[in-house]
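Chain by chain, the residues run as shown.
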Amino acid sequence: MNNDLVQKIKSNPKYQELVSKRSSFSLKLSIFVLVMFYAYILVIAFNKELLATKLGDGVMTIAFPIGAAIIVISFITTLIYVRRANSEFEDLTNQIKEDVKDAI
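Model, not experiment: these values are computed from the prediction. (Residues numbered from 1 in each chain as written. Predicted model: local features only at pLDDT ≥ 70, side-chain atom pairs only at ≥ 80, totals over all residues. Heavy atoms only, no water.)

What follows concerns the overall build of the protein chain. Of the regular secondary structure elements, the protein chain holds four helices and zero strands. When the helices and strands of the protein chain are listed from N to C terminus, the series reads α-α-α-α. Whereas a compact globule of 104 residues would reach a radius of gyration of roughly 13 Å, the protein chain reaches 22 Å, over 25% beyond that. Expressed along its principal axes, the backbone C-alpha trace of the protein chain runs to roughly 70 × 25 × 20 Å. Residue pairs at least 24 apart in sequence account for 65% of intrachain contacts in the protein chain once pairs closer than 6 positions are excluded. Working note: accessible area of the protein chain is about 7,700 Å², and carbon and sulfur atoms make up 66% of it. Taking the 12 positively charged and 10 negatively charged side chains of the protein chain as two groups, their mean positions are separated by 4 Å. (Helix = DSSP H or I, 4+ residues; strand = E, 2+ residues; numbered from the N terminus. Rg over C-alpha atoms; globule rule 2.2 N^0.38 Å. Contact = heavy atoms within 4.5 Å. Areas by Shrake-Rupley, 256 points an atom, 1.4 Å probe, with all protein chains shown as cover. Lys, Arg positive; Asp, Glu negative; His and termini not counted. Charge placed at Lys NZ, Arg CZ, Asp CG, Glu CD.)

Here it is, written out as structure tokens:
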């Protein structure tokens, strides 16, 4: 790829918008998942009794459904990102391609 083309892409306002939106959105989702995960780990480290609480008369503790929910929520956040990437981010990418193609 030649440097002229790279500069045209980088100077495109839609490219700046794409980078900004994508970075901001992925950072927000990442922080959400990490806070959720580390909160669970901190509860394990400092309040084992809370997660050791049994559910009903069986052997299952409250830790299992909470851990499973964290995994499911992580998949959901991934799906949210993919959905937005395939719509808004992809549209911006295609607009950038069209702008650059016209400028060449």
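In this structure the tally under the stated criterion is four aromatic pairs. Plain terms: the ring middles of F37 and Y38 are 5.3 Å apart, the flat faces sit at 75 degrees to each other, and that makes the pair edge-to-face. Residue classification places F37 among the partly exposed residues on the basis of a relative accessible area of 37%. For Y38, a relative accessible area of 49% translates into the label partly exposed. Plain terms: the ring middles of Y81 and F89 are 6.0 Å apart, the flat faces sit at 55 degrees to each other, and that makes the pair tilted. On the accessibility criterion, Y81 (26% relative accessible area) is partly exposed. Through a chain of ring-to-ring contacts, three or more aromatic side chains come together here, namely F25, Y81 and F89. Note that R84 overlies the ring of F25, its terminal NZ or CZ placed 4.2 Å from the centroid. (Phe/Tyr/Trp six-rings, centres within 6.5 Å; stacked < 30°, edge-to-face > 60°. Buried < 20%, exposed > 50% of the residue type's maximum accessible area, 1.4 Å probe, protein only. Lys NZ or Arg CZ within 6 Å of the ring centre and 35° of its normal.)

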